[in-house]
Amino acid sequence: MERYTMLICLLVAMLATLVQGQGTRVGFYSRTCPRAESIVRSTVATHFKSNPAIAPGLLRMHFHDCFVRGCDASILIEGSNTEKTAPRNLGLKGYEVIDDAKTQLEAACPGIVSCADILALAARESVVLTSGRSWQVPTGRRDGRVSSASDTDNLPGFADPIDEQKQKFAAKGLNAQDLVTLVGGHTIGTTECQFFDYRLYNTTGNNGSDPTISASFLPQLQALCPQNGDRTKRVALDTNSANKFDASFFRNLRKGRGILESDQKLWTDTSTRTFVQRFLGVRGLAALNFNVEFGKSMVKMSNIEVKTGSDGEIRKICSAIN
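Rules and cut-offs
Residues numbered from 1 in each chain as written. Predicted model: local features only at pLDDT ≥ 70, side-chain atom pairs only at ≥ 80, totals over all residues. Heavy atoms only, no water. UniProt positions renumbered as here; feature names shortened; annotations may be inferred. Helix = DSSP H or I, 4+ residues; strand = E, 2+ residues; numbered from the N terminus. Expected span 1.5 Å × (residues − 1). Buried < 20%, exposed > 50% of the residue type's maximum accessible area, 1.4 Å probe, protein only. Arc of directions from axis to C-beta. Contact = heavy atoms within 4.5 Å. Axes fitted to C-alpha atoms, helices over the stretch in contact; angles between N-to-C directions. Parallel < 35°, antiparallel > 145°, perpendicular 65-115°, else oblique. Left-handed = near helix turned anticlockwise from the far one by under 90°. Nonpolar A, V, L, I, M, F, W, Y, C, P; charged D, E, K, R; others polar. Disulfide = S-S within 2.5 Å.

- Going by what an unreviewed UniProt entry lists, the protein chain is known as Peroxidase and is assigned to Hevea brasiliensis.
- UniProt annotates the protein chain under Subcellular location (unreviewed entry) with the comment "Secreted".
- In the Function (unreviewed entry) part of its UniProt record, the protein chain is described as follows: "Removal of H(2)O(2), oxidation of toxic reductants, biosynthesis and degradation of lignin, suberization, auxin catabolism, response to environmental stresses such as wounding, pathogen attack and oxidative stress. These functions might be dependent on each isozyme/isoform in each plant tissue."

This is how it looks when you write it as structure tokens:
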């Protein structure tokens, strides 16, 4: 009987680990580096005070890392033709935050905490610092040894049709709800005019503008991004709420005020609109709490193709393999 009980306990423990991810678990560093999460938290908070833009930067960096070779911090490696040099990653911010946290962690617990885990934890802190809800982050990832710019070609793009977006997410084990939820991370941060100004002047119909843009919103965007103007100028992705992690991003989509074409398509495409409506609490549909669901989808995303056990390594510095 005692042996049977022990077997059941072992199976339950194994199942819990599998549910959380491929070998990752909450509290992975509780014995080997008990201050790991608090060090990352305080480091992100310190940098955020002087530069709030690092919050959306770190969140997107984690997303871009996970979608290429899994969540293995390969985006942090420096060198020619690495992921960091790819056009789609040139606008990312916050590398200095990860380096700072790594330096402190190496002083406290040498060779224990991976850069991949630091990035996953920093992404959560970025949400919390912008008034979002916290979630438990499974840890135990190891760092990858390969980083190639060509591998970023399959990252979701700002003009991708919904079917293509869904295919890219499905390839990583994420469904349509995860897609809408994670794109909702655009509730914080900005983008450059060059990634959406073609919608304002160079489309067919509606006097050259994208007909899915609200007629009352179009002049505002044209004033922010004038034709032949500075295409590197940054514009909030969530108008009037770019610094707060909330569901207003989805309200803007409903009003035709999405900035990126790929974002607005979440509303215009019926296969994803239902999830937007559920985040907005539309009557007749089962409501979804954006903050709660975001944490769940982030856990799923943060376990994409992770390296654990003897796979990968624990980098001494995040910008280079050992």
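**Some words on helix H4 (residues 95–108)**
Turning to step 1, where the next piece is worked out: End to end, H4 covers 20 Å across 14 residues, agreeing with the expected 20 Å (1.5 Å per residue, within 8%).
Turning to step 2, where the next piece is worked out: Of the residues making up H4, those classed as buried are Tyr95, Val97, Ile98, Ala101, Lys102 and Leu105. One face of H4 carries all of its buried residues, which in axial projection span an arc of 155 degrees. Facing away from the buried side of H4 by over 90 degrees, the exposed positions are Thr103 and Ala107.
Turning to step 3, where the next piece is worked out: Of the surrounding elements, those touching the buried residues of H4 are helix H2 (36–50), helix H3 (54–66) and helix H5 (115–129).

**Some points on the packing of helix H7 (residues 176–183) against helix H12 (residues 270–279)**
Turning to step 1, where the next piece is worked out: Where H7 meets H12, the closest approach of the two axes is 9 Å, and the angle between their N-to-C directions is 55 degrees. Relative to H12, H7 is oriented oblique. Here the hand of the crossing between H7 and H12 comes out right-handed. Residue-level inspection shows Ala176, Gln177, Leu179, Val180 and Thr181 of H7 in contact with H12, the latter providing Thr272, Phe275, Val276, Arg278 and Phe279.
Turning to step 2, where the next piece is worked out: Of the residues in the contact of H7 with H12, the class split is six nonpolar, three polar and one charged.

**Focus: the state of the cysteines**
By definition, a disulfide links the sulfur atoms of two cysteines through a covalent bond.
Turning to step 1, where the next piece is worked out: Tallied over the entire structure, the rule returns four disulfides.
Turning to step 2, where the next piece is worked out: Note on cysteine connectivity: cysteine 66 is disulfide-linked to cysteine 71, with sulfurs 2.0 Å apart. The disulfide joining cysteine 66 to cysteine 71 has a torsion of about 120 degrees about its S-S bond and is therefore right-handed.
Turning to step 3, where the next piece is worked out: Judged by its relative accessible area of 1%, cysteine 71 is buried.
Turning to step 4, where the next piece is worked out: A disulfide bridge connects cysteine 193 with cysteine 225, and the sulfur atoms are separated by 1.9 Å. Taking the torsion about the sulfur-sulfur bond, which here is approximately -75 degrees, the covalent link between cysteine 193 and cysteine 225 counts as left-handed. Remark: cysteine 225 occurs in the loop between helix H9 (218–224) and strand E2 (234–236) and cysteine 193 occurs in the loop between strand E1 (190–192) and helix H8 (198–201); sequence separation between them is 32 residues. Each of the two residues, cysteine 193 as well as cysteine 225, counts as buried.
Turning to step 5, where the next piece is worked out: Of note for the protein chain: the bonded cysteines, numbered N- to C-terminal, pair according to 1-4, 2-3, 5-8, 6-7.

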